Amino acid sequence: MSNKQIKMKPGKGQSMFAFGVGLVMTLIGLVVVVPTMGIFGVLWTLVAGGITVMHGANAFSDKGIPTHEIIIEEEDRTGDTQAASGPEEEDGLRGGKGKTRTRLEEAKYLYDSGLITHEEYVNKRKQILEEL
C-alpha cells in the first residue's frame, strides 16, 4: 500500500476572521484575564496569541500553516491480488463492481472533492483505461 498525504490550510476569509477574534482575545487576556487570574491569564494570552499568529500567517501569506491533513491509502495494484481476481475487463466497465470501475469511481470522487486537479484526474483515468 502507498499513502498520499495532503495538507490543507483554512481559506483567507476564515483565517482573517480567526485573526480578528484572536486579536480581541489576546487584548482581553492582557487587560482583564492576566491581572485577575494570574497564571491562568498568562496561559489564556499565550494560547490566544498563538491562534492569532497562526491565522495571521494563513490570512496574509501565500504559504501559511496547514491545519488539516488527509492521508489517502491506495492498494498496490500489482502482485497476486490482481491475478487472483481475474482480468479487470470482465467485471470492470460492463456493469459489475470490478476493480476498473472502482478505480475510476475513486478517481472521480477525488476530483469532485477537489483533492486532485482536472489534469491529475484525466491522467489517472487514462492510466486506468490503458491497463485494460
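It should be emphasised that the depicted structure is a prediction, and the values quoted were computed from it without experimental measurement.

**Re the pattern of salt bridges**
Pairing between side chains of opposite charge can happen when their charged atoms approach one another.
Here is step 1: All told, the structure shown has 3 salt bridges when counted by the stated rule.
Here is step 2: For the salt bridge of R103 with E131, the shortest nitrogen-to-oxygen distance reads 2.6 Å. Note that R103 is positioned in helix α5 (residues 99-112) and E131 in the segment after α6 (118-130), a separation of 28 residues in sequence.
Here is step 3: When its relative accessible area of 36% is taken as the criterion, E131 is described as partly exposed.
Here is step 4: With a shortest N-O distance of 3.2 Å, D112 and K108 are connected by a salt bridge. Linking D112 with K108, this pair stays in helix α5, spanning 4 residues, or about one helical turn.

**Focus on the nonpolar core**
Here is step 1: Listed in full, the 6 residues of the largest apolar core are I6, I72, A107, L110, I116 and Y121.
Here is step 2: Here I116 is in contact with K4, A107, L110, Y111 and Y121, once residues within four sequence places are set aside.

**Here we look at helix α2 (residues 39-60)**
Here is step 1: Between the first and last C-alpha of α2 there are 31 Å, a value that for 22 residues agrees with the 32 Å anticipated at 1.5 Å per step.
Here is step 2: Of the positions making up α2, those classed as buried are G41, T45, A48, T52, H55, G56, N58 and A59. Buried residues of α2, seen end-on, are gathered within an arc of 160° and therefore sit on one face of the element. Exposed and facing more than 90 degrees away from the buried side of α2 are I39, L43, L46, V47 and V53.
Here is step 3: Where the residues of α2 are buried, they touch α1 (12-37).

Cut-off values and rules
Residues numbered from 1 in each chain as written. Predicted model: local features only at pLDDT ≥ 70, side-chain atom pairs only at ≥ 80, totals over all residues. Heavy atoms only, no water. Salt bridge = Lys/Arg side-chain N within 4 Å of Asp/Glu carboxyl O. Helix = DSSP H or I, 4+ residues; strand = E, 2+ residues; numbered from the N terminus. Buried < 20%, exposed > 50% of the residue type's maximum accessible area, 1.4 Å probe, protein only. Core = buried A, V, L, I, M, F, W, Y, C linked by side-chain atoms within 4.5 Å. Contact = heavy atoms within 4.5 Å. Expected span 1.5 Å × (residues − 1). Arc of directions from axis to C-beta.

Purely geometric numbers; function is a separate question.
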